[in-house]
Amino acid sequence: MDIINSVREKADAGLTKDLLIYTGPGSDYGLSLALRIKTTIRPSAFITEDLSVLTERVSKPKLKPLIVLLVASSDEDLNDLLKLKDWLEDAKVILILPSDGWGWIDQAHRLHPRYLGYTDEDQGWVTQVLEKILSAEYR
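One structure accompanies this document, and this report is about it. (Residues numbered from 1 in each chain as written. Predicted model: local features only at pLDDT ≥ 70, side-chain atom pairs only at ≥ 80, totals over all residues. Heavy atoms only, no water.)

## Comments concerning the overall build of the protein chain
In step 1: On a plain count of helices and strands, the protein chain comes out with six helices and five strands.
In step 2: In sequence order, the protein chain lays out its α and β elements as α-β-α-β-α-β-α-β-α-β-α.
In step 3: Counting the 139 residues in the protein chain, one finds 47% classified as buried.
In step 4: Restricting to contacts in the protein chain with at least 6 residues of sequence separation, those with at least 24 account for 68%.
In step 5: Accessible surface computed for the protein chain: about 7200 Å², of which carbon and sulfur atoms make up 50%. (Helix = DSSP H or I, 4+ residues; strand = E, 2+ residues; numbered from the N terminus. Buried < 20%, exposed > 50% of the residue type's maximum accessible area, 1.4 Å probe, protein only. Contact = heavy atoms within 4.5 Å. Areas by Shrake-Rupley, 256 points an atom, 1.4 Å probe, with all protein chains shown as cover.)

## Looking at the sheet that holds strand 3 (residues 67-71)
In step 1: Within the open sheet, the five strands sit side by side as 2-1-3-4-5. Their pairing is parallel. In the strand order of this sheet, the two ends are held by strand 2 (46-48) and strand 5 (115-118), each with one partner. Within the sheet, the average angular offset between the axes of one strand and its neighbour, ignoring direction, is 15 degrees. (Pairing = 2+ DSSP bridges. Axes fitted to C-alpha atoms, helices over the stretch in contact; angles between N-to-C directions.)

## Quick notes on the environment of Tyr118
In step 1: Tracing the backbone shows Tyr118 in strand 5.
In step 2: Between the C-alpha atom of Tyr118 and that of Pro98, which follows or precedes it by 20 residues, the distance is 5.6 Å.

These results come straight from atomic positions and should not be treated as a statement about function.
Right under this line is the structure:
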């Protein structure tokens, strides 16, 4: 996706550490939410749909983000995200599950999200939670 690559290149230039957004592969909701956040709340946010890039960023102390927004595009994707639990312990996690992800709610709570939503919900809730976390983080 050219949009994500161009956004990624701009974010890499500053190596932002405050907000990392994982959109999930092929998630229209994730991409739309990430672009909304990038244009209205946090231009320096780092966006990726690649799990290996996410893993690299959260596993290295120099690149470890303070806030991580994860959009799981499928049950398999969520299962992969759960494997990163130990690296996400210190981050403030916002987790968005697929609209049919109700069966995964118990597992999703293992990531200790500050907010747990679904892809069929209004993105406004997510942006409000993110704004509140960011305002508390930088007081």
